[in-house]
Number of protein chains: 2
Amino acid sequence: MNITDYLAESPLFKGLNSENYKELAGIVMERDMKRGQFIFNEGDEGVGFYVVASGLVKIYKLSFEGKEQILHILGPGEPFAEVAVFTGMNYPANAMALEQSHLFFFPRTSFIHLLKKNPSLAMNMLATLSLRLKQFTHMIEALSLKEVPGRLAAYLLLLSSQNNDAATVKLSIAKTQLASLLGTIPETLSRILTRMNNQQYIESKGADISLLNRQALDDLASGEKRLE
Amino acid sequence: MNITDYLAESPLFKGLNSENYKELAGIVMERDMKRGQFIFNEGDEGVGFYVVASGLVKIYKLSFEGKEQILHILGPGEPFAEVAVFTGMNYPANAMALEQSHLFFFPRTSFIHLLKKNPSLAMNMLATLSLRLKQFTHMIEALSLKEVPGRLAAYLLLLSSQNNDAATVKLSIAKTQLASLLGTIPETLSRILTRMNNQQYIESKGADISLLNRQALDDLASGEKRLE
DNA sequence: CGCTGCGTTGAGCTTCTTCAACGATCGTGG
DNA sequence: CCACGATCGTTGAAGAAGCTCAACGCAGCG
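Let us look at the structure shown here. Here the structure is a predicted model, which means the values were calculated and not measured.

## Re the protein's contact with DNA strand D
- The environment of DNA strand D is made up of 17 residues, and the closest members are Lys175(A), Thr176(A), Arg191(A), Thr184(B) and Thr188(B).
- Backbone atoms, meaning sugar plus phosphate, form 61% of the atoms of DNA strand D positioned within 4 Å of the protein.
- Contact between DNA strand D and Arg191(B): a base oxygen at 3.2 Å from a side-chain N or O atom of the residue.
- For the surface near DNA strand D, the secondary structure elements donating two or more residues are α7 (175-181) and α8 (186-198) of chain A together with α6 (148-161) and α8 (186-198) of chain B.
- The element contributing the most residues to the surface near DNA strand D is α8(A), with 4 residues.
- Along the lines of polarity and charge, the residues of the surface near DNA strand D split into 4 nonpolar, 6 polar and 7 charged.

Below, the structure is given as structure tokens:
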């Protein structure tokens, strides 16, 4: 599988013609990252953006004391740091590989050059950024309106829905990372998982979690009910 | 002042040529809203987006119990609901006029038509969306990493910096609305303002707030210090 | 004048975090 | 191959932050 095939799989570049792909392939650079390696840090100059070819990447912010809030977890086909390309500003957050990852890097100036000649590429970017904005909207809502059990319930239901409503879901990230993604800490997450088990809403064994009572999880996610 | 002049003031449309403006003026529709009037509700079909000509608009989410989280407060020249245009999805939040407002409305299909012929318009939209994404990044950081005093301090410093670092700032929205914007409730906001007064960090009289100790506010905003 | 919305204050309570300790797992080097 | 260390997950106890509920003053406005 060559670079063009990989690119065609990303929503960002879907539906472009072969000439477009050739041009993209012409400016792309490849980077290999090991688990735990920094891709860039908040404040670094925004020299371009990335698309995950393989692996897993987290985008996150750190507080003064070092507490982490994950903004995104990104897998194959997903772009990140596009914002830096268009604002011309520095990266607004940190990026780290969660596992061995292969990345495509698109330098800012060359990419903008492509964009200007290419309305459909621009439309794709607009759609992608819009979707991301919508995700952030949900995230802000969750962080400010819901309690942690509600956020966790929403996350589990989301995972399930992404898997044909599977009864059992597998966490693709460590529980510590999940805690950060949900805006809390590992201890709290652990306690809430225990309580959900006690209530028979779920049955969790390590990274595998079975959803036993969807209705109850729904109620938690909508804030309609509290976790006993 | 005609429509074209108004449009040219919005960052969204800055730097376009006169032909572009004429086309935009050709598809725009004008709407007048009274204070408290709904512009659209979450879940409504995303038929187009708006630019504020005059007045003030809030974009917000509601929890099950009716608690509100404001996502944005928008004034003249600022666009909103662009996301719906590109995702083709329903509006992801509610919009309400905070005061008597005059709005420009751009219907989805006509606007997309313009975009496709017009790379510089697309580039402007990309830059605008990216900036908004960056703001959301900050907001998520604030909501999850900072305590309420820190968020308030950051907000006051932001207001001041938008006014040539004025020593005294005036809140353009009601304190209840500010509470929602900061992800808290009026009672908590009120108590924190009182504490900041006691510490002589600020001096507040109604909507006018003087910043007496910028260093202390900075420390709060960065999470470096706690409010006594 | 009375109503309504906004802001403030107090008391009690819930949720979450902090701090500390401990068990399990896993990869690595001896 | 085993032992060790590191990371991760879990549990307990105590404390802090913010929320709920309730009451009240105040201003603007019909």
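## Comments concerning the nonpolar core
- Within the largest apolar cluster, 98 residues are counted, with the highest numbers of intra-cluster contacts made by Phe13(A), Phe80(A), Phe111(A), Phe13(B), Phe80(B) and Phe111(B).
- Those residues in contact with Phe80(B), other than ones at most four positions away along the chain, are Ile39(B), Phe40(B), Phe49(B), Tyr50(B), Val52(B), Val57(B), Ile59(B), Leu74(B), Ala95(B), Leu103(B) and Arg132(B).

## Regarding the pattern of salt bridges
- Under the defined criterion, the tally for this structure stands at 18 salt bridges over all chains.
- Two residues, Lys58(A) and Glu68(A), come together in a salt bridge whose shortest N-O distance is 3.0 Å. Taken together, the residues Lys58(A) in strand β4 (residues 57-62) and Glu68(A) in strand β5 (residues 68-74) connect sequence positions 10 residues apart.
- The exposure class of Glu68(A) is buried, given its relative accessible area of 18%.
- Across the pair Glu141(A) and Lys61(B) runs a salt bridge, and its minimum N-O distance is 3.2 Å.

## Regarding helix α5 (residues 119-145) of chain B
- Between its first and last C-alpha, α5(B) extends 38 Å over 27 residues, near the 39 Å set by a 1.5 Å rise per residue.
- For α5(B), a buried count of 21 out of 27 residues is recorded, marking the element as mostly surrounded by other parts of the structure.

## Description of the packing of α6(B) against α8(B)
Residue and element names in this part refer to chain B.
- In contact at an axis separation of 10 Å, α6 and α8 are set at 75° when each is read in the N-to-C sense. It follows that α6 is roughly perpendicular to α8 by the angle criterion. Contacts between α6 and α8 pair Val148, Pro149, Leu152 and Ala153 from the former with Thr188, Leu189, Ile192, Leu193, Arg195 and Met196 from the latter.

Calculation notes
- Residues numbered from 1 in each chain as written.
- Chains lettered and ligands numbered in written order.
- Predicted model: local features only at pLDDT ≥ 70, side-chain atom pairs only at ≥ 80, totals over all residues.
- Heavy atoms only, no water.
- Near = heavy atom within 4 Å.
- Polar contact = N/O pair within 3.5 Å; in protein donor to acceptor, adjacent residues only side chain to side chain.
- Helix = DSSP H or I, 4+ residues; strand = E, 2+ residues; numbered from the N terminus.
- Nonpolar A, V, L, I, M, F, W, Y, C, P; charged D, E, K, R; others polar.
- Core = buried A, V, L, I, M, F, W, Y, C linked by side-chain atoms within 4.5 Å.
- Buried < 20%, exposed > 50% of the residue type's maximum accessible area, 1.4 Å probe, protein only.
- Contact = heavy atoms within 4.5 Å.
- Salt bridge = Lys/Arg side-chain N within 4 Å of Asp/Glu carboxyl O.
- Expected span 1.5 Å × (residues − 1).
- Axes fitted to C-alpha atoms, helices over the stretch in contact; angles between N-to-C directions.
- Parallel < 35°, antiparallel > 145°, perpendicular 65-115°, else oblique.

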